[in-house]
Amino acid sequence: MEIANPSNTKDILRKHNLQLKKSLGQNFLIDNNILNKIVETADLTEEDTVIEIGPGIGSLTQKMAETGARVIAVELDDRLIPVLKESLNVYNNIEIVHGDALEVDFSELVDGSFKLVANLPYYITTPIIMRLLEEGFDVEKIVVMIQKEVGERMVASPGGKDYGILSIGVQYHSNPEIAFVVPPTVFIPQPKVESVVIDLKVKEEQNLEVVDEEFFFKVVKSAFHQRRKTIRNSLSKAPYMNLNRDLIDQALEEVGIDPRRRAEKLSIETFAQLSNALFNLTGGE
Ligand code: SAM
């Protein structure tokens, strides 16, 4: 039985007397074309292990299992665990895990590298993605449905209003692309916003020369602290660091950045150079 078919989804919800919880971001996909496009974007084969966050009633889980990949699905809502086990019991390549994606140790679920594919609960989109990218898990690719506005910030280039800390955080660790846009009409219930499926190819090796990663992100946060101000002012007033103006001027000059520019105009490579110069001048203090 195809779970994503709208009448089958409604039957499953009715049969188990399930009221969807807004607080858990429960907007279920009922469109087979969209599910097929997600699976195509993830490029799954029998060789792959996929972790899915929030399988819901299992529509995407089922599609992914049909590629032959091993699927490990982590769901927080305990009411959905028996529903998933019942609907997906014919597949021997699916494991259902009851847990919180913000807490689960993914490296305990999989031995080796994995892909992460999900229609994410939107209330925790950014913490989940940043956790996967920052905590050193062996994830090679992340294909997730997220709010369009957040996706646009993740892929943004310098110069526009969408470019900021999130763009740099995501692009530091991966090469992100928006795969396609998804309208609210393909979910039950319909979310208020448009969505996108984003494809993050995680970098195997860091191509940016950054002397100290923690210091680099402090500089980025400080630079965007007051994004309408010049880079010089924003850096000197940021609460995360205690940089004196002379050192800031010296570092900006060394790297060749006009102190009147704004953070939103600076590329990630320029931020790397600036943070290295500041690190060398301050000793990282
Ligand atoms: N994959 C299903 C689909 O596409 O129809 C459901 C997606 S729905 C947007 C998000 C799912 O994530 C829900 O099933 C919800 O219960 C689950 N969820 C919410 N918070 C979670 C968390 N912290 N960890 C794991 N799952 C979570």
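Residues numbered from 1 in each chain as written. Predicted model: local features only at pLDDT ≥ 70, side-chain atom pairs only at ≥ 80, totals over all residues. Heavy atoms only, no water.

As annotated in an unreviewed UniProt entry, the protein is Ribosomal RNA small subunit methyltransferase A from Orenia metallireducens. Per UniProt, the protein carries the Subcellular location (unreviewed entry) text "Cytoplasm". Reading the Catalytic activity (unreviewed entry) entry of the UniProt record for the protein gives the comment "adenosine(1518)/adenosine(1519) in 16S rRNA + 4 S-adenosyl-L-methionine = N(6)-dimethyladenosine(1518)/N(6)-dimethyladenosine(1519) in 16S rRNA + 4 S-adenosyl-L-homocysteine + 4 H(+)". (UniProt positions renumbered as here; feature names shortened; annotations may be inferred.)

Caption draft 1: Representation of the site of the ligand. Neighbouring residues of the ligand: 24 residues in total, closest L29, G54, E75, D100 and N119. Take G54: an N or O atom from its main chain is 2.8 Å from a nitrogen atom of the ligand. Take D100: an N or O atom from its side chain is 2.9 Å from a nitrogen atom of the ligand. Within the complex, the protein chains bury 99% of what would otherwise be the 590 Å² of accessible surface of the ligand. (Near = heavy atom within 4 Å. Polar contact = N/O pair within 3.5 Å; in protein donor to acceptor, adjacent residues only side chain to side chain. Areas by Shrake-Rupley, 256 points an atom, 1.4 Å probe, with all protein chains shown as cover.)

Caption draft 2: How the structure looks around the domain arrangement of the protein. Segmentation of the protein into domains returns domain 1 (6–202) and domain 2 (213–282). Between the C-alpha centres of domain 1 and domain 2 the distance comes to 35 Å. In this assembly, 12 residues from domain 1 lie in contact with 14 residues from domain 2. Of the roughly 1000 Å² buried between domain 1 and domain 2 on both sides combined, carbon and sulfur atoms contribute 69%. Where domain 1 touches domain 2, the interface holds zero salt bridges. The residue inventory of the side of domain 1 that touches domain 2, partitioned by class, reads five nonpolar, six polar and one charged. (Domains from an automatic or database assignment. Contact = heavy atoms within 4.5 Å. Buried area = accessible area lost by both parts, 1.4 Å probe. Salt bridge = Lys/Arg side-chain N within 4 Å of Asp/Glu carboxyl O. Nonpolar A, V, L, I, M, F, W, Y, C, P; charged D, E, K, R; others polar.)

Caption draft 3: Expanded view of the UniProt feature "domain: Ribosomal RNA adenine methylase transferase N-terminal" (unreviewed entry) in the protein. Summarizing the sequence annotation, UniProt attributes the feature "domain: Ribosomal RNA adenine methylase transferase N-terminal" (unreviewed entry) to residues 34–204 in the numbering used throughout. Here residues 34–204 runs as 32% helix and 29% strand, with 29 Å between its end C-alpha atoms. (Helix = DSSP H or I, 4+ residues; strand = E, 2+ residues; numbered from the N terminus.)

Caption draft 4: Quick peek at the sheet that holds strand β3 (residues 70–75). Read from one edge to the other, the open sheet built from seven strands follows the order β4-β3-β2-β5-β6-β9-β7, with strand pairing classed as mixed. Strand pairing shows two members of the sheet lacking a second neighbour, β4 (94–98) and β7 (174–182), which therefore form its edges. The average undirected angle you get between the axes of adjacent strands in this sheet is 20°. The sheet contact formed by strand β2 (residues 49–53) and strand β5 (residues 114–119) spans two bridges and is parallel. Bridging across to β5, I51 finds its partner in L116. Lying on the sheet, helix α8 (residues 165–173) is in contact with β7 and β9 (195–202); it crosses β7 at an angle near 115°. (Pairing = 2+ DSSP bridges. Axes fitted to C-alpha atoms, helices over the stretch in contact; angles between N-to-C directions.)

Caption draft 5: Spatial organisation of the confidence of the model for the protein. Of all residues in the protein, 100% attain a pLDDT of 70 or more, and the chain-wide mean is 95. If you check the scores for this complex, the pTM reads 0.96 and the ipTM reads 0.99. (pLDDT = per-residue confidence, 0-100.)

Caption draft 6: Fine view of α8. Judged by how many residues are buried, α8 sits mostly within the fold: eight of nine residues are covered. Where α8 is concerned, the buried positions are L166, S167, I168, G169, V170, Q171, Y172 and H173. In this structure, the buried residues of α8 make contact with α6 (125–134), α7 (148–155), β7, β9, α9 (213–223) and α12 (268–282). (Buried < 20%, exposed > 50% of the residue type's maximum accessible area, 1.4 Å probe, protein only.)

Caption draft 7: Geometry of the pattern of salt bridges. Within the structure shown, the criterion is met by 19 salt bridges. Linking R79 and D77 is a salt bridge whose minimum nitrogen-to-oxygen distance equals 2.8 Å. Exposure remark for R79: the relative accessible area of 27% places this residue in the partly exposed category. Of the charged contacts, one joins E152 and K148 as a salt bridge, the two residues approaching to 3.7 Å between their closest N and O atoms. Here E152 and its partner K148 are both found in helix α7, four residues apart, which amounts to about one turn of the helix. The partly exposed category is assigned to E152, whose relative accessible area is 30%. One network of salt bridges, with partners in common, ties together K141, E177, D199 and K201.

Caption draft 8: Just the nonpolar core, in detail. Counting residues in hydrophobic clusters, the biggest one holds 38 residues, and the most contacted among them are I38, I57 and M145. Top contributing element to this core by residue count: helix α2 (residues 32–42), with five residues. Contacts of I57, omitting those with residues within four sequence positions, involve I3, T9, I12, L13, L18, F28, L80, V83, L84 and S87. Ranked by size, the runner-up nonpolar core spans 31 residues in total, among them V219, I231, I257 and L278. (Core = buried A, V, L, I, M, F, W, Y, C linked by side-chain atoms within 4.5 Å.)

Caption draft 9: Region of the structure containing the packing of helix α11 (residues 245–255) against α12. Two elements in contact, α11 and α12, have axes whose closest approach is 9 Å; the angle formed by their N-to-C orientations is 135°. Viewed along their axes, α11 and α12 adopt a mutual orientation that is oblique. Considering only the axes of α11 and α12, their crossing is right-handed. Counting all contacts with α11, which are made through L247, I248, Q250, A251, L252, E254 and V255, the residues of α12 involved are Q273, L274, A277, L278, L281 and T282. (Parallel < 35°, antiparallel > 145°, perpendicular 65-115°, else oblique. Left-handed = near helix turned anticlockwise from the far one by under 90°.)

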